[in-house]
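Next come the chains, spelled out residue by residue.
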Amino acid sequence: MRKLFITGTDTGIGKTHYCGLLCKYLLEKGESVFYVKPVQTGFPEDDDRQTVIDMSGLKPENAVTLATAKLPAAPYLAFEDFPYEETVEKIKAVSGFDWLIVESAGGLMVPLNDEYMNFDIAKDCGLETVVVVPNRLGCINHAMLSYYFLDKEDMPFAGFAVNNHFMTAKSDNFNISILNDLTDDAVRSVFNDVIELIEF
């Protein structure tokens, strides 16, 4: 089973949209997929699981949210005691599928509690990380910070997924080639309304 951890360089940059497109793409190829949202804040107004189901056609029983909180904030604030160990155990228990797609709440360094951050879920569950990058001014710096962090933590990196929805300037046309030059072709997926490239 291929196990991906979908995170991003920021919030509101298309992680859930990408998960929906990715699950749809994989299902249309005849692959079996299980989607996990370890933590959802701002719930029920924000419900990424339902968005992914609606976009992809994934069966509801093959998509779960493990922990929810009403406050639309980092889990560190939204939960009195975030159930980290229980969350990891449930993710590690998933089996019998071709793909496991785990979508983080925010970026790699979002704190879950005093002890753990988002990236710890990927490490403890043995997930390969995909970093969603909005194609806009400043994205090279943000993407490379994530790339550098994953390398220093010795975490498996599946590649960048670049979201072209954010393109506004002519210079944005060069961001993908720059990232590839700096990272030995780490841009593995490009998307907007559809997936334009996928090489996982």
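Shown above is the structure to which this text applies.
Residues numbered from 1 in each chain as written. Predicted model: local features only at pLDDT ≥ 70, side-chain atom pairs only at ≥ 80, totals over all residues. Heavy atoms only, no water.

**Student:** I'd like a description of helix α5 (residues 118-125), backed by residues and values.
**Tutor:** Most of α5 is tucked away, with 6 of its 8 residues classed as buried. Burial in α5 covers these residues: Asn118, Phe119, Asp120, Ile121, Ala122 and Cys125. Within two residues after α5, Gly126 carries a phi angle of roughly 65°, on the positive side. (Buried < 20%, exposed > 50% of the residue type's maximum accessible area, 1.4 Å probe, protein only. Helix = DSSP H or I, 4+ residues; strand = E, 2+ residues; numbered from the N terminus.)

**Student:** Account for the environment of Ile121, with residues named and values stated.
**Tutor:** Relative to the helices and strands, Ile121 is located in helix α5. Ile121 has contacts with Phe5, Pro38, Tyr84, Ile91, Leu112 and Leu127, leaving out every residue within four places of it along the chain. (Contact = heavy atoms within 4.5 Å.)

**Student:** Lay out a nonpolar patch on the surface in plain terms, naming residues and giving numbers.
**Tutor:** Taken together, the side chains of Leu71, Tyr76 and Leu77 make up a nonpolar region of the molecular surface, amounting to roughly 320 Å² of accessible area. Looking at the element boundaries, Leu71 is found in the loop between β3 (63-69) and α3 (75-78). (Patch = residues over 30% accessible without salt bridge, like charges linked within 9 Å, V, L, I, M, F, W, Y side chains within 5 Å. Areas by Shrake-Rupley, 256 points an atom, 1.4 Å probe, with all protein chains shown as cover. Salt bridge = Lys/Arg side-chain N within 4 Å of Asp/Glu carboxyl O.)

**Student:** Before we move on, could you go through the packing of aromatic side chains and cite the residues and values that matter?
**Tutor:** Here the structure, examined in full by the defined rule, presents 8 aromatic pairs. Ring plane angle 45° and centroid distance 4.7 Å describe the contact between Tyr18 and Phe191, whose orientation is recorded as tilted. Here Tyr18, found in helix α1 (residues 15-28), pairs with Phe191, found in strand β7 (residues 187-191); they are 173 residues apart in sequence, far enough to count as distant. Residues Tyr18 and Phe191 agree in their burial class; the two are buried. Arranged with centres 3.7 Å apart and planes meeting at 10°, the rings of Tyr84 and Tyr116 form a pair that is stacked. Here Tyr84, found in helix α4 (residues 84-92), pairs with Tyr116, found in the loop between β4 (99-103) and α5; they are 32 residues apart in sequence, far enough to count as distant. Taken individually, Tyr84 and Tyr116 each receive the classification buried, so the pair is uniform in this respect. In textbook terms, an aromatic cluster arises when at least three aromatic residues are bridged by ring pairs, as seen for Tyr147, Phe157 and Phe160. Between Arg136 and the ring centre of Phe166, over which it is positioned, the NZ or CZ distance is 4.9 Å. (Phe/Tyr/Trp six-rings, centres within 6.5 Å; stacked < 30°, edge-to-face > 60°. Lys NZ or Arg CZ within 6 Å of the ring centre and 35° of its normal.)

**Student:** Could you give an account of the pattern of salt bridges, naming the residues involved and the relevant values?
**Tutor:** Within the structure shown, the criterion is met by 8 salt bridges. The salt bridge involving Lys70 is made with Glu45; its shortest N-O contact spans 3.4 Å. Remark: Glu45 occurs in the loop between β2 (33-41) and α2 (48-56) and Lys70 occurs in the loop between β3 and α3; sequence separation between them is 25 residues. Relative accessible area serves as the criterion here: at 59%, Glu45 is assigned to the exposed category. Across the salt bridge formed by Glu199 and Arg188, the nearest N and O atoms sit 3.9 Å from each other. Of this pair, Glu199 sits in the segment after β8 (195-198) while Arg188 sits in strand β7, and the two are 11 residues apart along the sequence. For Arg188, a relative accessible area of 28% corresponds to the partly exposed category. Through salt bridges with shared partners, a single network forms among Lys37, Asp48 and Glu103.

**Student:** Give a description of unusual backbone geometry that names residues and reports values.
**Tutor:** In this structure, the amide linkage connecting Phe43 to the following residue, Pro44, adopts the cis form with an omega of 15°. Here Pro44 is to be found in the loop between β2 and α2. Here the phi dihedral of Asp154 falls at roughly 55°; this positive angle occurs in a residue that is not glycine. Considering the arrangement of structural elements, one finds Asp154 in the loop between α6 (139-152) and β6 (157-163). On the basis of relative accessible area, Asp154 is assigned to the exposed category, the value being 70%. Positive phi is not limited to glycine here, since Asp184 has a value of about 55°. Mapping Asp184 onto the fold places it in the loop between α7 (175-183) and β7.

**Student:** With reference to specific residues and values, describe the pairing of β4.
**Tutor:** Of all 5 residues that make up β4, 5 are buried, and the element is covered over most of its length. Alternating residues of β4 divide into Trp99, Ile101 and Glu103 and Leu100 and Val102, and every residue in both groups is buried. Strand direction decides the pairing type here: strand β1 (residues 2-8) and β4, joined by 5 bridges, are parallel. Bridge pairing in β4 places Ile6 opposite Glu103. (Pairing = 2+ DSSP bridges.)

No statement about biological role is implied by the geometric values presented.
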